Amino acid sequence: MDVYDTFIEGVKESFSMILNLFPTFIAMILAVNLFINSGVLDYVLSLIKPILKLIKIPGEIIPLALVRPISGSASLAYLNSIFSKYGPDSFIGLLGSVMQGCTDTTFYIISLYFGSIGIKKIRHSMTASLFADLVGIIVSIIVVNLFWG
């Protein structure tokens, strides 16, 4: 078996896969950029800040919780800004780190992987994934409060 010829055949087959994924990937990037740049995030944060103060959750962490299911790179950039402003060993820095590890990029995974194999019915997968993200956010808040609060 010639390894080089097998590699070349794999590369040729990947072009059709790339063409199938490209529209889904572009649509996801456009949606993420619209969400982040539209000001919706700031509006939602201003609405829930009073509630957060009552239950002693720092409002600065909420954008990370909202962006994480949408975009891993945007959430890492926001986590980096938390580190720059408050420090990685601060309560908010620790909470952001644990939250980053307890959640996943749900919309990216579903749009890219499900789109690549043609799955259209994503309702139950989306619901379960977003519920898992919510549980990860809640557990990260509880754990960080227990150990570092």
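Residues numbered from 1 in each chain as written. Predicted model: local features only at pLDDT ≥ 70, side-chain atom pairs only at ≥ 80, totals over all residues. Heavy atoms only, no water.

A.B. asks: Requested: an account of the nonpolar core, with residues and values cited.
C.D. replies: With 16 residues, the main nonpolar core has I57, I61, I62, L95, M99 and I141 as its most contacted residues. Residue assignment for this core shows that the elements contributing at least two residues are α2 (40–54), α3 (62–67), α4 (72–86), α5 (91–102) and α7 (123–148). By residue number, the principal contributor to this core is α5, which donates four residues. Those residues in contact with I57, other than ones at most four positions away along the chain, are L52, I62 and I141. (Core = buried A, V, L, I, M, F, W, Y, C linked by side-chain atoms within 4.5 Å. Buried < 20%, exposed > 50% of the residue type's maximum accessible area, 1.4 Å probe, protein only. Helix = DSSP H or I, 4+ residues; strand = E, 2+ residues; numbered from the N terminus. Contact = heavy atoms within 4.5 Å.)

A.B. asks: An account of the side chain of Q100 is requested, with residue identities and associated values reported.
C.D. replies: Within the secondary structure, Q100 is located in helix α5. Residue class for Q100 comes out buried when judged on its relative accessible area of 10%. Setting aside residues no more than four positions away along its own chain, Q100 makes contact with L64, R68, G72, S75, L76 and L79.

A.B. asks: Summarise the packing of α4 against α5; cite the residues concerned and give the values.
C.D. replies: Axis separation between α4 and α5 bottoms out at 9 Å; the angle between their running directions is 165 degrees. Classified by the angle their axes make, α4 and α5 are roughly antiparallel. Two packed elements cross with a definite hand, and for α4 against α5 that hand is left-handed. Residue-level inspection shows G72, S75, L76, L79, I82, F83 and Y86 of α4 in contact with α5, the latter providing I92, G93, G96, S97 and Q100. Split into classes, the residues belonging to the contact of α4 with α5 amount to six nonpolar, six polar and no charged. (Axes fitted to C-alpha atoms, helices over the stretch in contact; angles between N-to-C directions. Parallel < 35°, antiparallel > 145°, perpendicular 65-115°, else oblique. Left-handed = near helix turned anticlockwise from the far one by under 90°. Nonpolar A, V, L, I, M, F, W, Y, C, P; charged D, E, K, R; others polar.)

A.B. asks: Which residues make up the packing of aromatic side chains, and what are the values?
C.D. replies: All told, the structure shown has one aromatic pair when counted by the stated rule. With centroids separated by 5.9 Å and ring planes inclined at 50 degrees, the aromatic side chains of F147 and W148 adopt a geometry described as tilted. Look at F147 and you get exposed, because its relative accessible area is 61%. Exposure remark for W148: the relative accessible area of 47% places this residue in the partly exposed category. (Phe/Tyr/Trp six-rings, centres within 6.5 Å; stacked < 30°, edge-to-face > 60°.)

A.B. asks: For a nonpolar patch on the surface, give the residues involved together with the corresponding values.
C.D. replies: Taken together, the side chains of F131, L134, V135, I138, V139, I142, L146, F147 and W148 define a hydrophobic patch exposed on the protein surface, amounting to about 940 Å² of accessible area. Structurally, V135 can be placed in helix α7. (Patch = residues over 30% accessible without salt bridge, like charges linked within 9 Å, V, L, I, M, F, W, Y side chains within 5 Å. Areas by Shrake-Rupley, 256 points an atom, 1.4 Å probe, with all protein chains shown as cover. Salt bridge = Lys/Arg side-chain N within 4 Å of Asp/Glu carboxyl O.)

A.B. asks: An account of α4 is requested, with residue identities and associated values reported.
C.D. replies: Between its first and last C-alpha, α4 extends 21 Å over 15 residues, near the 21 Å set by a 1.5 Å rise per residue. What α4 keeps buried is the set G72, A74, S75, L79 and I82. Seen from one end, α4 has its buried residues packed into an arc of 160 degrees, which puts them on one side. Opposite the buried face of α4, at more than 90 degrees from it, the exposed residues are S73, S84 and K85. Packed against the buried residues of α4 are α1 (3–37), α3 and α5. (Expected span 1.5 Å × (residues − 1). Arc of directions from axis to C-beta.)

Honestly, it's all geometry; don't read function into it.
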